[in-house]
Amino acid sequence: MTAQPLSRAAAGLGTPPPRIVHLGLGAFHRAHQAWYTAQADDAAGWGIAAFTGRSPREAEALTAQECLYTVAARGADGDEVEVVGSIVEAHDGADLGVLRDLVARPEVAVVTLTVTEAGYRLLPDGAPDLDDSAMAADLAVLRARMGEPVTPLGRLVAALDARRRAGAGPIAVVPCDNVPGNGPWVRTGVLALAAATDDALAAWVEDHVSFVSTSVDRITPRRAAGDELLAREAGWIDGSPIVTEPFADWILSGEFPAGRPAWESAGARVVDDIEPFEHRKLWMLNGAHSVLASLGRLRGHATVAEAIADPVCRELVEDVWDAAARHLPADVDAAAYRVALVERFANPRIVHRLDQIAADSSVKLAARIAPVARLELGAGGDALPAAAALGAWIGAVRRCAPVPDARERQLGDALLSHDPVRALVGVVDPDLASHPQFVAEVRIRAAALADVPTTVAP
């Protein structure tokens, strides 16, 4: 088959009007929220204007091909490739003039975000992290009304202020990152930034902006060499292809005062109580990923598929799942979910790198492992699976190649302290660090991993 450049005319796709603004244009957004929007029954009425985070490169690549891209759903036995056309504009995240203009339009009804857990720069209670230099600078910029904010939430608040001034009406903000209760959490942060800007803006946000909680699930690795070949085999020349797994899940809870796409027609679920589903995903899928990222790297593995095939890694994952299942309601069917997870993790054709998952581990573990540990301890248990998971993480911090972490300074201070194990646990969760027996268990497991070989036999 002769491949041709992507274009809307060649793909038979129209250009829906931009009614969604997205912050954090990356692979996951394009495999998940943008894909769901393209699959919705009313997709023709809902286009996405997407903004990058750190670099404009992705926006430039998409713009060069009319914002179209291919998604290859890579199963163990083959691939299904489709062209996605829901993104209609792609912009540099630093272009706040365009962002303000779009969010101020009455027809724009939704702002979605995928900026990673650490990218929000919020404390666990949702307050702005004043120890974060970028967040502190944004607060100063917003108070002075001079300069431009650089954080995702700072930019969002500036755009919401433009909407207020334009009298454009209510709007929904939909965070799509792995943080429990992400809707209320982001609301707290946005209100704090809005209050720093203007009391009138904070009052307007209170009355006109809804914050929707979500649970998102689709394993989407970073782009790898050869991904473009899948698009070519399907007949397309694509400079920005996405490879993902066949499985996709999206659960939402909250109000959309200005409307939304019919995402449920594409398989999304809208529920009244999202918390059990959030916990299932965070504690089981993401928790297992964090375990594999630590112990797997210590044992010389590079990918999730390699690590889950290692009996030592698999045993700890199963222990973490056992603990999580004890604190999940029956109606989320944790038993079936874990069976599906093993199949997904073992898919050898999804190259999900452990060093990618390991980034920002101190933040991720706070949401994925620490909550179950607290529940286990509160019920009179010993929380040994969580202690083993944190012990593996400490081993990886000490012995594996460094990975980016939003709490890099705190990790460095902890490693130099008189009790590094306790201090490192405290970086993840201060309450757990104040539990002597739990810290002792973490210490035992971290010590046991001190001599684990960094390579394993093939």
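Above this text you will find the structure in question.
Residues numbered from 1 in each chain as written. Predicted model: local features only at pLDDT ≥ 70, side-chain atom pairs only at ≥ 80, totals over all residues. Heavy atoms only, no water.

Undergrad: Explain the overall build of the chain to me, please; I cannot follow it from the model alone.
TA: Tallying secondary structure elements over the chain gives 22 helices and 14 strands in all. Taken over C-alpha atoms, the radius of gyration comes to 22 Å for the chain, in line with the 23 Å a tight globule of 458 residues would show. For the C-alpha atoms alone, the extent of the chain along its principal axes is close to 60 × 60 × 40 Å. The buried share of the chain, reckoned over its 458 residues, is 57%. In the chain, 77% of the contacts between residues at least 6 apart in sequence involve partners at least 24 apart. As displayed, the chain offers around 18400 Å² of accessible surface, 53% of which is attributable to carbon and sulfur atoms. The centroid of the 42 positive side-chain charges in the chain is displaced by 3 Å from the centroid of its 61 negative side-chain charges. (Helix = DSSP H or I, 4+ residues; strand = E, 2+ residues; numbered from the N terminus. Rg over C-alpha atoms; globule rule 2.2 N^0.38 Å. Buried < 20%, exposed > 50% of the residue type's maximum accessible area, 1.4 Å probe, protein only. Contact = heavy atoms within 4.5 Å. Areas by Shrake-Rupley, 256 points an atom, 1.4 Å probe, with all protein chains shown as cover. Lys, Arg positive; Asp, Glu negative; His and termini not counted. Charge placed at Lys NZ, Arg CZ, Asp CG, Glu CD.)

Undergrad: Is there a simple way to explain the packing of aromatic side chains in this structure?
TA: Applying the stated criterion to the full structure yields six aromatic pairs. For the ring pair Tyr-36 and Trp-250, a centre distance of 5.3 Å and an interplane angle of 55° mean the geometry is tilted. Of the two residues, Tyr-36 is situated in helix α3 (residues 33-39) and Trp-250 in strand β13 (residues 249-253); the sequence distance between them amounts to 214 residues. When its relative accessible area of 1% is taken as the criterion, Tyr-36 is described as buried. With relative accessibility at 0%, the residue Trp-250 sits in the buried group. Plain terms: the ring middles of Tyr-120 and Trp-185 are 5.3 Å apart, the flat faces sit at 70° to each other, and that makes the pair edge-to-face. Of this pair, Tyr-120 sits in the loop between β7 (110-113) and α6 (133-144) while Trp-185 is found in helix α8 (residues 182-197), placing the two residues 65 residues apart along the sequence. (Phe/Tyr/Trp six-rings, centres within 6.5 Å; stacked < 30°, edge-to-face > 60°.)

Undergrad: Help me out: how do you make sense of the pairing of β13 in this one?
TA: Looking down a regular strand, the side chains alternate between one sheet face and the other. With respect to burial, β13 is a largely interior element, five of its five residues being buried. Because side chains alternate across β13, one face comprises the buried residues Asp-249, Ile-251 and Ser-253, and the other comprises Trp-250 and Leu-252, equally buried. Across five bridges, the pairing between strand β10 (residues 213-217) and β13 is antiparallel. Its bridge partner being in β13, Thr-214 is matched across the sheet by Leu-252. For β13 and strand β14 (residues 269-270), the ladder comprises two bridges, and the chain directions are parallel. Bridge pairing in β14 places Ile-251 opposite Arg-269. (Pairing = 2+ DSSP bridges.)

Undergrad: Is there a simple way to explain the pattern of salt bridges in this structure?
TA: Should their charged atoms come close, side chains of opposite charge can pair. For the structure on display, the rule yields 28 salt bridges. A salt bridge links Arg-349 to Asp-79; the nearest nitrogen and oxygen atoms lie 2.9 Å apart. In this pair, Arg-349 sits in the loop between α14 (334-346) and α15 (354-358) while Asp-79 sits in strand β5 (residues 78-84), placing the two residues 270 residues apart along the sequence. What makes Arg-349 partly exposed here is its relative accessible area of 25%. Taking relative accessible area as the criterion, Asp-79 reaches 29% and is therefore assigned partly exposed. Of the charged contacts in the structure, one is a salt bridge between Arg-338 and Glu-318, with a shortest N-O distance of 2.6 Å. Taken together, the residues Arg-338 in helix α14 and Glu-318 in helix α13 (residues 311-325) connect sequence positions 20 residues apart. Residue classification places Glu-318 among the partly exposed positions, given a relative accessible area of 22%. (Salt bridge = Lys/Arg side-chain N within 4 Å of Asp/Glu carboxyl O.)

Undergrad: Looking at this structure, I do not really get the sheet that holds β10. What am I missing?
TA: Strand pairing in a sheet relies on backbone hydrogen bonds. The paired strands run either parallel or antiparallel. Here we have three strands laid out as an open sheet, ordered β10-β13-β14, and mixed in their pairing. Each of the sheet's edge strands pairs with one partner strand only, and the pair in question is β10 and β14.

Undergrad: Would you explain α6 in this entry?
TA: Along an α-helix, residues three or four apart share an orientation, since each turn contains 3.6 residues. With 12 residues, α6 should cover 16 Å at 1.5 Å per step; its first-to-last C-alpha distance of 17 Å lies within 8% of that length. Buried within α6 are the following residues: Ala-134, Met-135, Asp-138, Leu-139, Val-141 and Leu-142. Buried residues of α6 fall within an arc of 165° about the axis and therefore sit on the same side. Along α6, exposed side chains directed more than 90 degrees from the buried face belong to Ser-133 and Arg-143. (Expected span 1.5 Å × (residues − 1). Arc of directions from axis to C-beta.)

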